[in-house]
Amino acid sequence: MMLRWLRPPYRLSILACLAAGTLASLHAGHAAGPAAPAGAPSSLTAACAVLLGALVLLLWRQHRLAQRLQALEQLREDAEQARLANGQRKAREQERLRIGRDIHDDLGQHLLTLKIDLAMLRTSTHGATPLLARQLAMMARNVDLSIAALRSVIHDLRPPALDAGLQAACEGLLTDFQRNTGIACHCDYRLDAAAGNAHGPLLYHVLQEALANIARHAHATHVHLCLQQAGASVACRISDDGVGLPGSPPRLGCGLSGMHERVAAAGGSLHIDSHSGAGTTLRLSLPLAACEEAPLVHH
């Protein structure tokens, strides 16, 4: 497309160069002739100067046009990439919701039916041999563990707490964390609804993992969560005043390593700053997909 725009100016430039060369040759011939008119050389020189000036102006306008076309193409490519990324994110989220519903409605109902049947069987065989009672009790415990694992999978796909919005879900996590650990928590939430919904499940899981690590290892007295929009991205900061992570760079457990992979898959970045005895700060940045294509500017 760019070559189609630039080809006519190139043709004009070539014609201008040929015209300038022809006039210069005529000027040289007239200057060498014995009967050259008195005013001819100066007129030809002026004509050559005008043509050369026009050529310079044409080349400059051609360069400006090429720059504008290149910038326009870059804007279109960026907008298209953002649109595709947003579509892929929405498709993944819808797929998670569908899988969670299918697991709950199908496998969950089968496990619940099995649990009811086992309970009825234990009641009907009450007072039977101790071996049978132990086996039935073990089967019932395994079913309970399977139901708990199934709920964990469903919640990981789409935490039910997010139905009330990301802000309410984060505040609920911090409230439960403070009640269970006694560690004071503060939340600075400055996201609108669209930005909060853009990466809600991922941000929620990152906060869950960070709070779990703080409870297990940090020996902290205060936790601060900050969520805000920074330009075209969501910025999340989780900091504590605990003992910090050992090692330089700090060693990461399986949970945070998994978070690194999930954040990278979403096009974001995750950094952890920690010093022994000076607490830990987790910084997360996730891009917000552009909703509209940038308007085209005509010059």
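Worth saying up front: this structure is predicted, and the values here are computed from it rather than measured.

Each value, and the rule that gives it
Residues numbered from 1 in each chain as written. Predicted model: local features only at pLDDT ≥ 70, side-chain atom pairs only at ≥ 80, totals over all residues. Heavy atoms only, no water. Helix = DSSP H or I, 4+ residues; strand = E, 2+ residues; numbered from the N terminus. Expected span 1.5 Å × (residues − 1). Buried < 20%, exposed > 50% of the residue type's maximum accessible area, 1.4 Å probe, protein only. Core = buried A, V, L, I, M, F, W, Y, C linked by side-chain atoms within 4.5 Å. Arc of directions from axis to C-beta. Contact = heavy atoms within 4.5 Å. Patch = residues over 30% accessible without salt bridge, like charges linked within 9 Å, V, L, I, M, F, W, Y side chains within 5 Å. Areas by Shrake-Rupley, 256 points an atom, 1.4 Å probe, with all protein chains shown as cover. Salt bridge = Lys/Arg side-chain N within 4 Å of Asp/Glu carboxyl O. Pairing = 2+ DSSP bridges. Axes fitted to C-alpha atoms, helices over the stretch in contact; angles between N-to-C directions. Parallel < 35°, antiparallel > 145°, perpendicular 65-115°, else oblique. Nonpolar A, V, L, I, M, F, W, Y, C, P; charged D, E, K, R; others polar. pLDDT = per-residue confidence, 0-100.

### Structural notes on helix α6 (residues 200-218)
An α-helix turns once every 3.6 residues. As a result, residues three or four positions apart point the same way. Taking 1.5 Å per residue, 19 residues should reach 27 Å; α6 reaches 25 Å between its end C-alpha atoms and fits that length. Among the 19 residues that make up α6, 14 are buried, leaving the element largely enclosed by the rest of the structure.

### What about the nonpolar core?
Residues Leu227, Ile238 and Leu284 are the most contacted members of the largest nonpolar core, which totals 38 residues. Among the nonpolar cores identified, the runner-up in size contains 7 residues, and Leu118, Val143, Leu150 and Ile154 belong to it.

### Section: helix α4 (residues 166-181)
Relative to the 22 Å expected for 16 residues at 1.5 Å per residue, α4 spans 22 Å between its end C-alpha atoms, a close match to the ideal helical length. Listing the buried residues of α4 in full gives Leu166, Ala169, Cys170, Leu173, Leu174 and Phe177. Each buried residue of α4 sits inside an arc of 130 degrees when the element is viewed along its axis, so together they form one side. Buried positions along α4 lie against β1 (184-190), α5 (193-198), α6 and β2 (222-230). Looking at the residues trailing α4, positive phi occurs at Gly182, about 80 degrees.

### Some points on a nonpolar patch on the surface
Together, Leu112, Ile116 and Met120 make up an exposed nonpolar region whose accessible area comes to about 290 Å². Inspection of the secondary structure puts Ile116 in helix α2 (residues 40-124).

### As for the sheet that holds strand β4 (residues 269-274)
With mixed pairing, 5 strands are arranged side by side in an open sheet as β1-β2-β3-β5-β4. Both outer strands of the open sheet, β1 and β4, are each paired with one neighbouring strand and no more. The mean angle between the axes of side-by-side strands here comes to 10 degrees, regardless of whether they run parallel or antiparallel. As paired strands, β2 and strand β3 (residues 233-240) are joined by 8 bridges and run antiparallel to one another. Paired with Gln228 across the two strands is Ala235, which belongs to β3. Each of β1 and β2 touches α4; the most contacted strand, β1, lies at about 170 degrees to it.

### Focus: unusual backbone geometry
Unlike most non-glycine residues, His219 shows phi in positive territory, near 55 degrees. The exposed category is assigned to His219, whose relative accessible area is 65%.

### Some points on the pattern of salt bridges
A full pass over the atoms with the stated rule returns 6 salt bridges. Between Asp144 and Lys115 there is a salt bridge whose closest N-O contact spans 3.2 Å. Taken together, the residues span a long stretch of sequence, with Asp144 in helix α3 (residues 130-157) and Lys115 in helix α2 at a distance of 29 residues. A relative accessible area of 35% places Asp144 in the partly exposed class. A salt bridge links Arg190 to Asp188, with the nearest nitrogen and oxygen atoms 3.1 Å apart. Overall, Arg190 belongs to the partly exposed group, its relative accessible area being 49%.

### Description of the environment of Cys236
Mapping Cys236 onto the fold places it in strand β3. Separated by 30 residues in the primary sequence, Cys236 and Val206 place their C-alpha atoms 9.6 Å from one another.

### Notes on the pairing of strand β5 (residues 280-287)
In regular strands, side chains alternate between the two faces of the sheet. Bridge count for β3 against β5 is 8 bridges, and the pairing is antiparallel. Bridge assignment links Cys236 to a residue of β5, and that residue is Leu284. Of the strand pairs in this sheet, β4 and β5 are connected by 6 bridges, and their pairing is antiparallel. Note that in β5 the partner of Ile272 across the bridge is Leu282. Here β4 folds back onto β5 in antiparallel fashion, the turn holding 5 residues, of which Gly277 has a positive phi close to 80 degrees.

### Details of the side chain of Ser233
Inspection of the secondary structure puts Ser233 in strand β3. Apart from the residues within four sequence positions on either side, Ser233 is in contact with Gln228, Ser285, Leu286, Pro287 and Leu288.

### A few points about the packing of α4 against α6
At a minimum axis distance of 10 Å, the contact between α4 and α6 shows a crossing angle of 10 degrees. In this view, α4 runs roughly parallel relative to α6, as classed from their interaxial angle. Between α4 and α6, the residues in contact are Leu166, Ala169, Cys170, Leu173, Leu174, Phe177 and Thr181 and Gly200, Leu203, Tyr204, Leu207, Gln208, Leu211, Ile214 and Ala215, respectively. Considering only residue class, the contact of α4 with α6 consists of 12 nonpolar, 3 polar and no charged.

### With respect to the confidence of the model for the chain
Summary statistics for the chain give a mean pLDDT of 77 and a share of 75% for residues scoring 70 or more. Per-residue pLDDT stays below 50 along residues 1-6; that stretch engages in 10 contacts with residues further than four places along the chain or on separate chains. For residues 290-299, every residue scores under 50 in pLDDT, and the model assigns this stretch 6 contacts once sequence neighbours within four places are set aside.

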